[in-house]
Amino acid sequence: MKKTILLTFDVEDWFQVENFKNNIPYSTWDARELRVEKNTIELLDLLESTSGSIKATFFVLGWIAERCPDLVREIHKRGHEVASHGFAHHLCYKQTSEELGHDLVKSKKLLEDIIGAEVAGYRAPSFSINDSAIKIIRNVGFLYDSSYNSYEGHGRYGSLTLSDTAKPDHPIYALSPDFFEIPVSNLRFGGKIIPWGGGGYFRLLPTMLHQAGVRQVLKEKNCYTFYMHPWEIDPGQPKVREAASFFKFRHYVNIRKAKDKFGNFLAANAEHSFLSCREFIRDYQSHDYADEIV
Ligand SMILES: [Zn+2]
């Protein structure tokens, strides 16, 4: 069986991250320098310049889509999947059911109007999923969610009760015949879960070590789900000097090297297939993967 890599990008800008929420309130976002367009195009160009056909999933924040509809159309035009990162980047478990439902519907409809096609997937800000949020995501009409991160040491990530019979770290869970969870990949080592799916952890890990972990995940699961943000390849972004050191470390660590590192990661895995989440679900539905994805 061909091994699959799911590249996922949360399309948001440097001032919208949870790490800087105390320093940059939502009400001031409009006054900030928008850099997401340029950074996302750089990522799109990088995917295109890598040999082989790479399809990825872009979870676009509604606030960004409203201001950069051409960017959303460009992602779609280049054959990648446009999915939703919600509208206002509020953590799921900090919203009421009504607020979350409203945020989801607004972002889904906005993206669908821009690309003229259905939007099937959702990723929660900071993986802030829980059991009640997943029901709302499903009821809004999404085909899948990709907000579960099994790493428990982060503090902000949510959690999800997946079926008792499911084996840990499954790359896809059919929560019902028409609704799926695609968790971000982590590495299990010595009974512990180590964050291996991307973001700051990807920037922190030495390239060879990260690749060894990716090989391990692919060997065990046949699928590796990776995430990144466009601001992670932007060393020129304005510095939020007043933020707490810990948050600054998380946000800025190895940002200068991240683009090259990501390029190396793509090159090192060129033999595998890079699919969008939706394509992966289609494949999953059309074959019996039971014995192949363990
Ligand atoms: Zn986000």
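Right, let's walk through the structure included here.

Parameters and conventions
- Note on numbering: residues in each chain are counted from 1, in written sequence order.
- Residues qualify for local features only when their pLDDT is at least 70, as the model is predicted, and side-chain atom pairs are given and counted only at 80 or more; totals for whole chains, interfaces and linings, by contrast, use all residues.
- Elements are defined by DSSP. Helices are runs of H or I of four residues or more, strands are runs of E of two residues or more, and each kind is numbered from the N terminus.
- The globule rule used for comparison is 2.2 Å times the number of residues to the exponent 0.38, while the radius of gyration itself is calculated over C-alpha atoms.
- Residue burial is a threshold on neighbouring C-beta atoms within 10 Å of the residue's own C-beta, all placed from the backbone, with 20 or more meaning buried, 12 or fewer meaning exposed, and counts in between meaning partly exposed.
- Residues are scored as being in contact if the C-beta atoms we place from backbone atoms lie within 7 Å.
- Among buried residues, those of type Ala, Val, Leu, Ile, Met, Phe, Trp, Tyr and Cys that are joined through C-beta atoms within 7 Å form a set called a nonpolar core.
- Any two strands are treated as partners once DSSP identifies two or more bridges connecting them.
- Within this analysis, the arc is defined by the directions that extend from the helix axis to the C-beta atoms.
- The axes used here are C-alpha line fits, helices contributing only the stretch in contact, and every angle between their N-to-C directions lies in the interval 0 to 180 degrees.
- Angles are sorted into four bins: roughly parallel if under 35 degrees, roughly antiparallel if over 145, roughly perpendicular if 65 to 115, and oblique for all others.
- Handedness of a crossing follows from how the near helix is turned relative to the far one, being left-handed for an anticlockwise turn of less than a right angle and right-handed for a clockwise one.

Moving on to the overall build of the protein. Looking only at helices and strands, the protein features 10 helices and 11 strands. Against the globule reference of 19 Å for 294 residues, the protein gives a C-alpha radius of gyration of 18 Å, in line with a compact fold. Its C-alpha atoms give the protein principal-axis dimensions of about 50 × 40 × 40 Å. When burial is assessed residue by residue, the protein has 42% of its 294 residues classed as buried. Within the protein, contacts between residues separated by at least 24 positions form 77% of all contacts whose residues are at least 6 apart in sequence.

Ranked by size, the top nonpolar core spans 67 residues in total, and within it Leu 6, Phe 58, Val 60 and Val 72 carry the most contacts. When near neighbours in sequence (up to four residues on either side) are disregarded, Val 72 contacts Val 60, Ala 65, Val 82, Leu 111, Ile 114 and Ile 115.

This paragraph deals with the environment of Arg 188. Checked against the element boundaries, Arg 188 lands in strand β8 (residues 186–189). What makes Arg 188 partly exposed here is the crowd of 15 C-beta atoms within 10 Å. Between the C-alpha atoms of Arg 188 and Lys 3, which are 185 residues apart in sequence, the distance is 19 Å.

Even without being a glycine, Phe 127 presents a positive backbone phi close to 50°. Within the secondary structure, Phe 127 sits in the loop between β4 (121–122) and α5 (131–139).

Direction of pairing for strand β6 (residues 173–176) relative to strand β7 (residues 179–181): antiparallel, over a ladder of 3 bridges. Bridged to Tyr 173 within β7 is Glu 181.

This part is about helix α10 (residues 277–286). Buried residues of α10: Cys 277, Arg 278, Phe 280 and Ile 281, and no others. Buried residues of α10 fall within an arc of 155° about the axis and therefore sit on the same side. Those residues of α10 hidden inside the fold are in contact with β1 (4–11), β2 (57–60), β3 (81–84), β4, β5 (144–145) and β7.

Viewed as axis vectors pointing N to C, helix α3 (residues 69–77) and helix α4 (residues 97–115) meet at an angle of 70°, and their least axial separation amounts to 9 Å. In terms of orientation, α3 and α4 fall into the roughly perpendicular class. Between α3 and α4 lies a crossing whose hand is right-handed. The segment α3 lies against α4, with Pro 69, Val 72, Arg 73 and His 76 engaging Leu 111, Ile 114 and Ile 115.

This part is about α3. Among all positions of α3, only Leu 71, Val 72 and Ile 75 are buried. With its buried residues spanning 100° around the axis, α3 presents them on a single face. Summarising the geometry of α3, the exposed residues directed more than 90 degrees from the buried face are Asp 70 and Lys 77. The secondary structure elements touched by the buried residues of α3 are α1 (36–49), β2, α2 (62–67), β3 and α4. Immediately downstream of α3, the backbone of Gly 79 shows phi near 90°, a positive value.

Where α4 meets α5, the closest approach of the two axes is 10 Å, and the angle between their N-to-C directions is 40°. Taken together, the axes of α4 and α5 lie oblique to each other. The interaxial crossing formed by α4 with α5 has right-handed handedness. Here α4 contributes Ser 97, Leu 100, Gly 101 and Leu 104 to the contact with α5, which in turn contributes Ser 132, Ala 133, Ile 136 and Ile 137.

Turning to its location among the elements, Arg 78 is positioned in the loop between α3 and β3. Since 15 C-beta atoms lie within 10 Å of it, Arg 78 is described here as partly exposed. Not counting residues up to four positions away in its chain, the partners in contact with Arg 78 are Leu 44 and Glu 48.

Our focus in this paragraph is the environment of Ile 114. Along the chain, Ile 114 falls in helix α4. Beyond its immediate stretch of four places on either side in the chain, Ile 114 contacts Ala 65, Pro 69, Val 72 and Arg 73.

Here we come to the pairing of β8. Taken residue by residue, a regular strand's side chains alternate between the two faces of the sheet. Note: β8 against strand β9 (residues 192–195), 4 bridges, orientation antiparallel. Paired with Arg 188 across the bridge in β9 is Ile 193. Where β8 hands over to β9, the hairpin turn is made up of 2 residues, of which Gly 190 adopts a positive phi near 55°.

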